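Chain by chain, the residues run as shown.
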Amino acid sequence: MPASRQQTLRSISQALGVSTATVSWVLSGQGDAKGISAATQKRVRDFAAETGYRPNMVARGLSLGSTKTIGLLISSLADPFYSSIAKAVVEEAGRLGYSTMISTSQSDGSKEKEMAALLGSRQVDGIIVTPTEQADWVNSYISAGGKIVLVDRPVPGSDTPSVVIDNRESAFRLVSHLIREGHRRIAIFTTAHNLVNMQARHEGYIQALEEAGIEPDERLFCQVPPEASIDQIHAEIDRLISECPDVDGIFFTTHVLVLPTYAHYLKAGLPLDQGKHWACIHTLPDFELLIPKMSIARMPIENMGICAVDMLLGRCELGNNVLRCQLELKQ
């Protein structure tokens, strides 16, 4: 059975004839501060390396106030958006000498709270979260001394630092572009309308219509649950086409709704025209091949991840950090 950390420290101290405190200080990087000679530090480090000593990082974190580990709690690794966020966070944290523990909530508020508590029990130095709409645990977690930075959306009623995009402005500019291209009967296809970011995108859609003198039509408001099946998405498209056969554009508030809609259009023989009448917040590589004429607001995923890590570790100012999307408006 492997020896415990304390036993290992003791065995090193006995072998070298120094105190366990000296071994602990050297291996935690405090040798110079504690006045330990360079020769003794070298003896301790060399012996530890030769014997395969591995410190207990949680115990070390409790003594030093940092485990050099951050938590990342995202909705899903299956969605390329979240996996890209994870990649950016892991790389930036690694560059700064931190490791990352990743958990997923599967968009389930209860599981999200459970995973946050688990990460906290592992003594992470803070958590980066893409919150669900049930993230009512955030304020209490912070009140208990935890550090959190939110990504993609804030939590209503909380002033927790966040990294978001200009949701309303991006939606407004996309829909305004469709209108300038001659489209007047533009539908909005959304999900999780209770989420702050989705509400802002809906507001941008309405603003674009109203500024163009177009009366919003509730029949053009399409919505499915966050975990909607393909059949549910197809059924909503069928409802839209049945009730509004004159629809001439679609604004997607999220990329996850695009490919199921595209597949249904193909199967039903509906006009696509390479997506000239479509617009979407964010994109996937498949879109450029299958729907090259669709206008998009490309989310700055890498910058979002980097900014979240830097905010969590105190390398930049906390607050509501709003990043701009790169708009690609197709003719």
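Everything here concerns the structure above.
Reading the values: the criteria
- Residues numbered from 1 in each chain as written.
- Predicted model: local features only at pLDDT ≥ 70, side-chain atom pairs only at ≥ 80, totals over all residues.
- Heavy atoms only, no water.
- Pairing = 2+ DSSP bridges.
- Helix = DSSP H or I, 4+ residues; strand = E, 2+ residues; numbered from the N terminus.
- Axes fitted to C-alpha atoms, helices over the stretch in contact; angles between N-to-C directions.
- Contact = heavy atoms within 4.5 Å.
- Parallel < 35°, antiparallel > 145°, perpendicular 65-115°, else oblique.
- Left-handed = near helix turned anticlockwise from the far one by under 90°.
- Nonpolar A, V, L, I, M, F, W, Y, C, P; charged D, E, K, R; others polar.
- Buried < 20%, exposed > 50% of the residue type's maximum accessible area, 1.4 Å probe, protein only.
- Core = buried A, V, L, I, M, F, W, Y, C linked by side-chain atoms within 4.5 Å.
- Phe/Tyr/Trp six-rings, centres within 6.5 Å; stacked < 30°, edge-to-face > 60°.
- Salt bridge = Lys/Arg side-chain N within 4 Å of Asp/Glu carboxyl O.
- Expected span 1.5 Å × (residues − 1).
- Arc of directions from axis to C-beta.

## Some remarks on the sheet that holds strand β4 (residues 148-151)
Strand pairing in a sheet relies on backbone hydrogen bonds. The paired strands run either parallel or antiparallel.
Piece 1. In spatial order, the strands read β2-β1-β3-β4-β5-β11; together these six strands make up an open sheet with parallel pairing. In this open sheet, the two edge strands, each paired with only one partner strand, are β2 (99-104) and β11 (320-323). Each strand axis lies, on average, 20 degrees off the axis of its neighbour in the sheet, ignoring direction.
Piece 2. One ladder, built from two bridges, connects β4 with strand β5 (residues 162-165); its direction is parallel. Paired with leucine 150 across the two strands is serine 162, which belongs to β5.

## Remarks on the sheet that holds strand β8 (residues 249-252)
Piece 1. One open sheet holds the six strands; their spatial order is β7-β6-β8-β9-β10-β12, and the pairing between them is mixed. Of all strands in the sheet, those bounded by a partner on one side alone are β7 (221-224) and β12 (326-328). The sheet shows a mean angle of 15 degrees between the axes of neighbouring strands, direction not considered.
Piece 2. Helix-sheet contacts for helix α8 (residues 167-180) involve β6 (186-191), β8, β9 (278-281), β10 (295-298) and β12, and the interaxial angle to β9 is about 170 degrees.
Piece 3. Contacts from helix α10 (residues 230-243) reach β6, β7 and β8, with the element oriented near 165 degrees to β7.

## A look at the packing of helix α5 (residues 80-95) against helix α13 (residues 301-312)
Piece 1. For the pair α5 and α13, interaxial distance at closest approach is 8 Å and the crossing angle is 45 degrees. Classified by the angle between their axes, α5 and α13 sit oblique to one another. Seen from above, α5 lies across α13 with right-handed handedness. On α13, the residues touching Phe81, Ser84, Ile85, Ala88, Val89, Glu92 and Ala93 of α5 are Ile301, Glu302, Met304, Gly305, Ile306, Val309 and Asp310.
Piece 2. In the contact of α5 with α13, the residues fall into nine nonpolar, two polar and three charged.

## A word on the side chain of histidine 202
Piece 1. Along the chain, the position of histidine 202 falls in helix α9 (residues 196-211).
Piece 2. Exposure remark for histidine 202: the relative accessible area of 17% places this residue in the buried category.

## Some remarks on the nonpolar core
Piece 1. Counting 68 residues, the largest nonpolar core has Ile70, Ile128, Phe189, Tyr205, Phe251 and Trp278 as its most contacted members.
Piece 2. For this core, the element with the most residues is α13, which contributes seven residues.
Piece 3. Discounting chain neighbours no more than four positions away, the residues touching phenylalanine 251 are Ala171, Leu174, Val175, Ile186, Ala187, Ile188, Phe189, Arg201, Tyr205, Ala279 and Ile281.
Piece 4. Counting 14 residues, the second-largest nonpolar core is a separate cluster that includes Met115, Leu119, Ile127 and Tyr141.

## Some words on the packing of aromatic side chains
Piece 1. One pass over the structure, following the stated rule, counts seven aromatic pairs.
Piece 2. On the basis of an interplanar angle of 75 degrees and a centroid distance of 5.1 Å, the ring pair of phenylalanine 81 and tyrosine 82 is categorised as edge-to-face.
Piece 3. Note on phenylalanine 81: relative accessible area 3%, which makes it buried.
Piece 4. Taking the relative accessible area as the measure of exposure, tyrosine 82 reaches 10% and is therefore buried.
Piece 5. Between tyrosine 205 and phenylalanine 251, the aromatic rings sit 6.4 Å apart at their centres with planes inclined by 15 degrees, giving stacked as the arrangement. Remark: phenylalanine 251 occurs in strand β8 and tyrosine 205 occurs in helix α9; sequence separation between them is 46 residues. For the residue pair tyrosine 205 and phenylalanine 251, the accessibility class agrees, reading buried in each case.

## A word on the pattern of salt bridges
Side chains bearing opposite charge may pair, as long as their charged atoms lie close to each other.
Piece 1. Following the criterion strictly, the structure yields 14 salt bridges and no others.
Piece 2. Salt-bridge contacts for glutamate 91 lead to lysine 87; the nearest nitrogen and oxygen are separated by 2.9 Å. Here lysine 87 and glutamate 91 lie together in helix α5, a separation of four residues that amounts to about one turn.
Piece 3. Given a relative accessible area of 51%, lysine 87 falls into the exposed group.
Piece 4. Here arginine 185 makes a salt bridge to aspartate 246, at a shortest N to O gap of 3.0 Å. Taken together, the residues arginine 185 in the loop between α8 and β6 and aspartate 246 in the loop between α10 and β8 connect sequence positions 61 residues apart.
Piece 5. Residues joined by salt bridges that share partners form a network here, namely Arg185, Asp217, Arg219 and Asp246.

## Considerations on helix α3 (residues 38-50)
Piece 1. Over its 13 residues, α3 runs 18 Å from end to end, which matches the ideal 18 Å to within 8%, given 1.5 Å per residue.
Piece 2. Of all the residues in α3, the buried ones are Thr40, Gln41, Val44 and Ala48. Mapping the buried residues of α3 onto a view down its axis gives an arc of 100 degrees, with all of them on the same face. Residues of α3 that are exposed and point more than 90 degrees away from the buried face comprise Ala38, Ala39, Ala49 and Glu50.

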